[in-house]
Amino acid sequence: MSAAAPPDQRTGYVAIAGRPNVGKSTLLNRLVGAKVSITSRKAQTTRHRILGVRTDATAQFVFLDTPGFQTRHRNALNRAMNKSVTDALASADVVIFVIDGAGWRAEDAAVCALLPPRLPVVLAINKADTAKDQGRLMALAARAAAERDFSAIVPVSARTGKGLDDLVAAVAKRMPTAQRMYEDDMLTDRSERFLAAELIREKVFRLSGEEIPYGSEVTIEKFEEDGNLRRIQATILVDRPGHKAILLGPKGERMKRIASEARIDMEALFDAKVFLEVWVKVKSGWADSATTLKGLGYI
Ligand SMILES: Nc1nc2c(ncn2[C@@H]2O[C@H](COP(=O)(O)OP(=O)(O)O)[C@@H](O)[C@H]2O)c(=O)[nH]1
Ligand SMILES: [Mg+2]
């Protein structure tokens, strides 16, 4: 707790909601100033509830990134993911509802309808950096406003940082007056061990084709902290033998790249040197195995 916190300090839980791929996790990382949530062009990259903390002079925002609501595959993993969205909304004081500046979709309306009526919702129209003209953003704002009475509507770019000060100010106004919950320098409640697995999963999402990411998961076998050094051994679980071959790539090149890009991100996030070893193992049906999901922390 900071002794310097002013008496009118505001603190609150802020859920970041929206359909897959609108930039929720990118926005969270920008707002927190570190890569606490993984992102990719593929839908459904985020599987867990990720908490990210931002502490300003007068406000502490506890952001809850959420997986996009799943309708595509009905397995135990997706049920756990949907529950984490509902849980985040249940504990939120304010919601940031994110849509893509490219246009309004039926899926946006579906997520909007899930937002609890009692909560203040700030609409963030993201990817404003790619917007062709302001008129289109205005039309989109009007379209969205037909679905719900938003507390504020703010065009932003999670990529460039445009509009984020306005977004933060709009959210702060709707947060309760309360003392800080976390230390000023805290960024996330997730352990380095968890973040290490997530960063490997991000590279699998980014560097492999369409089918692999959804059928894979990462476990950390060993995580040793030795001063400013981390020794990490990880396994990527895949659903089928063919997936293993694809993930390894010719002469293991793809796997090497996955491991090396993950290591670089870990070194930046942990501010430490990282030795990383990654193995690939076939484990069919992991996404519907209660034991495996439990081990992975989903249920
Ligand atoms: N041009 C542009 N792309 C963005 C912006 N924010 C996110 N993206 C991209 O949109 C894709 C999905 O982002 P992600 O944060 O994973 O979306 P999520 O599924 O809503 O969490 C990624 O390729 C991001 O780089 C933005 O402000 N501008
Ligand atoms: Mg995400």
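Residues numbered from 1 in each chain as written. Chains lettered and ligands numbered in written order. Predicted model: local features only at pLDDT ≥ 70, side-chain atom pairs only at ≥ 80, totals over all residues. Heavy atoms only, no water.

1. With respect to the overall build of the protein
The number of helices and strands found in the protein is 9 helices and 9 strands. Relative to a compact globule of 299 residues, whose C-alpha radius of gyration would be 19 Å, the protein shows 20 Å and is just as compact. Taken along the three principal axes of its C-alpha coordinates, the protein extends 55 × 45 × 35 Å. Within the protein, the fraction of its 299 residues that count as buried is 52%. Taking all contacts inside the protein whose residues are at least 6 apart in sequence as the whole, residues at least 24 apart take part in 72%. In the structure as shown, the protein presents an accessible area of about 13800 Å², 52% of it carried by carbon and sulfur atoms. For the protein, the centre of its 45 positive side-chain charges and the centre of its 36 negative side-chain charges are spaced 5 Å apart. (Helix = DSSP H or I, 4+ residues; strand = E, 2+ residues; numbered from the N terminus. Rg over C-alpha atoms; globule rule 2.2 N^0.38 Å. Buried < 20%, exposed > 50% of the residue type's maximum accessible area, 1.4 Å probe, protein only. Contact = heavy atoms within 4.5 Å. Areas by Shrake-Rupley, 256 points an atom, 1.4 Å probe, with all protein chains shown as cover. Lys, Arg positive; Asp, Glu negative; His and termini not counted. Charge placed at Lys NZ, Arg CZ, Asp CG, Glu CD.)

2. Considerations on the sheet that holds strand β9 (residues 273-282)
The mixed open sheet is built from 3 strands, whose spatial order is β7-β8-β9. Taken across any chain shown, the strands that pair with only one partner, and hence form the sheet edges, are β7 (216-226) and β9. Across the sheet, the mean angle separating the axes of adjacent strands is 15 degrees when strand polarity is ignored. With 10 bridges connecting them, strand β8 (residues 229-238) and β9 associate as parallel partners. Along β9, the bridge assignment pairs Val238 with Val282. Contacts between helix α6 (residues 192-207) and the sheet are confined to β7, β8 and β9, with β7 contributing the most and set at about 140 degrees to the helix. Those strands touched by helix α8 (residues 253-270) are β7, β8 and β9, and its axis lies near 140 degrees from that of β9. (Pairing = 2+ DSSP bridges. Axes fitted to C-alpha atoms, helices over the stretch in contact; angles between N-to-C directions.)

3. Remarks on the packing of helix α7 (residues 241-248) against α8
Their axes nearest at 5 Å, the elements α7 and α8 cross at an angle of 70 degrees. One element, α7, and the other, α8, form an angle in the roughly perpendicular class. Counted together, Ile246, Leu247 and Leu248 of α7 and Glu253, Arg254, Met255 and Ile258 of α8 form the full contact between these two elements. Considering only residue class, the contact of α7 with α8 consists of 5 nonpolar, no polar and 2 charged. (Parallel < 35°, antiparallel > 145°, perpendicular 65-115°, else oblique. Nonpolar A, V, L, I, M, F, W, Y, C, P; charged D, E, K, R; others polar.)

4. Looking at the layout of surface pockets
For the largest pocket, the calculated volume is near 660 Å³. Along the wall of the largest pocket there are 27 residues; nearest its centre are Asn21, Thr26, Ser40, Arg41 and Lys127. For the lining of the largest pocket, the elements supplying multiple residues, two or more each, are α1 (24-32) and α6. If one sorts the elements of the lining of the largest pocket by residue count, α1 sits on top with 3 residues. Taken together, the residues of the lining of the largest pocket sort by class into 6 nonpolar, 14 polar and 7 charged. (1 Å grid on protein atoms, 1.4 Å probe; cavity = no way out; pocket = protein on both sides within 12 Å on 5 of 7 lines; lining within 4 Å. Points joined across faces, edges and corners; volume = space filled by probe spheres on them.)

5. Focus: the domain arrangement of the protein
Looking at the assigned domains, one finds that the protein contains domain 1 (10-173) and domain 2 (192-295). The gap between the C-alpha centroids of domain 1 and domain 2 is 27 Å. Contacts between the two partners involve 17 residues from domain 1 and, on the opposite side, 22 residues from domain 2. Inspection of the region where domain 1 meets domain 2 yields 2 salt bridges. The salt bridge partner of Lys35 is Glu202, with a shortest N-O separation of 2.7 Å. Connecting domain 1 to domain 2 are 8 residue pairs in polar contact (both at pLDDT 80 or more). By residue class, the composition of the side of domain 1 that touches domain 2 is 7 nonpolar, 6 polar and 4 charged. (Domains from an automatic or database assignment. Salt bridge = Lys/Arg side-chain N within 4 Å of Asp/Glu carboxyl O. Polar contact = N/O pair within 3.5 Å; in protein donor to acceptor, adjacent residues only side chain to side chain.)

6. Some words on the site of ligand 1
Among the 17 residues in the neighbourhood of ligand 1, the closest are listed as Asn21, Lys24, Thr26, Asp129 and Ala158. Between ligand 1 and Gly23 there is a distance of 3.0 Å, counted from an oxygen atom to a backbone nitrogen or oxygen. Note that an oxygen atom of ligand 1 is positioned 3.0 Å from one of the side-chain N or O atoms of Arg159. Coverage of ligand 1 by the protein chains reaches 91% of its 580 Å² of free accessible surface. Because more than half of its atoms lie within 2 Å of the grid, ligand 1 is assigned to the largest pocket. Ranked by residues supplied to the shell around ligand 1, first place goes to α1 with 3 residues. In terms of residue class, the shell around ligand 1 is made up of 3 nonpolar, 9 polar and 5 charged. (Near = heavy atom within 4 Å. Sits in = over half its atoms within 2 Å of the grid points.)

7. Some words on the pattern of salt bridges
According to the stated counting rule, one finds 20 salt bridges in the structure shown. Between Asp265 and Lys35 there is a salt bridge; the shortest N-O distance is 3.0 Å. In this pair, Asp265 is assigned in helix α8 and Lys35 in the loop between α1 and β2 (50-55), connecting sequence segments 230 residues apart. Look at Lys35 and you get partly exposed, because its relative accessible area is 26%. In this structure, Asp100 and Lys127 form a salt bridge, with 3.4 Å as the shortest nitrogen-oxygen distance. Of this pair, Asp100 sits in strand β4 (residues 94-100) while Lys127 is found in the loop between β5 (121-126) and α4 (134-145), placing the two residues 27 residues apart along the sequence. Among the charged side chains, a network of salt bridges with common partners joins Lys35, Glu202, Lys203, Arg206 and Asp265.

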